[in-house]
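# Observations on the three-dimensional arrangement
Here is what each chain is made of, one letter per residue.
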Amino acid sequence: MENNHEYFMSKAVELSLENMRAWKGGPFWAIVVKNWKIVWQWANHVTSENDPTAHAEVVAIRDACKNLWTFQLDDCIIYTSCEPCPMCLGAIYWARPKAIYFANSRKDAADIGFDDDFIYQELKKELEERSLPIHVLGKEEAIKVFEEWKQKSDKIEY
């Protein structure tokens with residue numbers, strides 16, 4: 001593999017076009033790279049798999065972690081054909097890569113019908129102000145599990 005960012009970004013953009021033309025999903029592709037080698041790559045398959053979480057970045061992270069036998073991508077770089085949506089951005093932060101590169105912006109995505117700005121706006125609101133009703137239920141029982149986790153001496157921290 002080439003050891004430059006432009007190569008991997010060009011590959012992500014090229015494969016996003018192929019994915020779209022194959023009717024597998026939207027025009028999105030993500031590549032996870034470690035030591036200048038592709039660890040895993042994946043496309044958006046939301047519509048072909050009927051899975052709203054099958055965004056390119058999320059699936060690429062899942063499979064890269066399985067392939068590397070780790071739950072974090074500390075030494076990896078993620079290249080994606082578009083700025084990650086809030087769900088993907090959250091997954092990327094949890095995966096902890098050392099960097100991310102993207103081509104198209106979220107405004108570019110909104111201009112072609114992939115507008116996730118409403119999610120960004122919802123996240124700024126208090127729970128009771130959001131358009132989707134969100135309710136707290138069962139906290140008294142659930143907090144006991146958290147308390148036990150806090151005391152657990154053999155846990156794997158992340």
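### Here's the deal with the nonpolar core
Core analysis: the biggest nonpolar cluster contains 16 residues, and Val32, Ile61, Ala64, Leu73 and Ile78 have the highest contact counts within it. Among the elements that line this core, the one with the most residues is helix α3 (residues 56–68), at 5 residues. Core analysis: the second largest hydrophobic core is formed by 10 residues, Met9, Ala12, Val33 and Ala43 among them.

### A look at the pairing of strand β4 (residues 99–104)
Both strand β3 (residues 76–82) and β4 contribute to a ladder of 5 bridges, which runs parallel. Counted as the bridge partner of threonine 80 is phenylalanine 102 from β4. Tracing the backbone out of β3, into helix α4 (residues 86–95) and back to the parallel element β4 gives a crossover that is right-handed.

### Structural notes on the environment of leucine 137
As for its placement among the helices and strands, leucine 137 is situated in the loop between α6 (117–124) and α7 (139–151). Sequence spacing of leucine 137 and glutamate 49 is 88 residues, and the spatial spacing of their C-alpha atoms is 32 Å.

### Considering the pattern of salt bridges
Enumeration according to the criterion identifies 3 salt bridges in this entry. Between lysine 125 and glutamate 122 there is a salt bridge, with the nearest N and O atoms lying 2.9 Å from each other. Between aspartate 154 and lysine 152 there is a salt bridge, and its shortest N-O distance comes to 2.8 Å. By relative accessible area, which is 37% here, lysine 152 ends up partly exposed.

### Describing the packing of aromatic side chains
The tally for this structure, following the rule as stated, stands at 5 aromatic pairs. For the pair tyrosine 7 and phenylalanine 8, a centre-to-centre distance of 5.1 Å together with 80° between the ring planes defines the contact as edge-to-face. The exposure class assigned to phenylalanine 8 is buried, which follows from its relative accessible area of 0%. Measuring from centroid to centroid gives 4.9 Å for phenylalanine 28 and phenylalanine 114, while their planes differ by 90°, and the two rings are edge-to-face. Note that phenylalanine 28 is positioned in the loop between α1 (5–21) and β1 (29–34) and phenylalanine 114 in the loop between α5 (106–111) and α6, a separation of 86 residues in sequence.

### Structural notes on α4
When α4 is considered as a whole, its buried residues turn out to be Pro86, Cys88, Ile92 and Ala95. Looking at the buried positions of α4, the neighbouring elements they touch are α3, β3, β4 and α6. Note on α4: the residue one or two positions beyond its end, arginine 96, has a positive phi of about 60°.

### Points about unusual backbone geometry
Despite not being glycine, tryptophan 69 has its phi angle at roughly 60°, a positive value. In this fold, tryptophan 69 is placed in the loop between α3 and β3. Phi angles above zero are rare outside glycine, and arginine 96 is one such case at about 60°. The topology assignment puts arginine 96 in the loop between α4 and β4.

Analysis parameters
- Residues numbered from 1 in each chain as written.
- Predicted model: local features only at pLDDT ≥ 70, side-chain atom pairs only at ≥ 80, totals over all residues.
- Heavy atoms only, no water.
- Core = buried A, V, L, I, M, F, W, Y, C linked by side-chain atoms within 4.5 Å.
- Buried < 20%, exposed > 50% of the residue type's maximum accessible area, 1.4 Å probe, protein only.
- Helix = DSSP H or I, 4+ residues; strand = E, 2+ residues; numbered from the N terminus.
- Pairing = 2+ DSSP bridges.
- Right-handed = clockwise from strand over helix to strand, strands pointing away.
- Salt bridge = Lys/Arg side-chain N within 4 Å of Asp/Glu carboxyl O.
- Phe/Tyr/Trp six-rings, centres within 6.5 Å; stacked < 30°, edge-to-face > 60°.
- Contact = heavy atoms within 4.5 Å.

None of this, on its own, says anything about what the molecule does.
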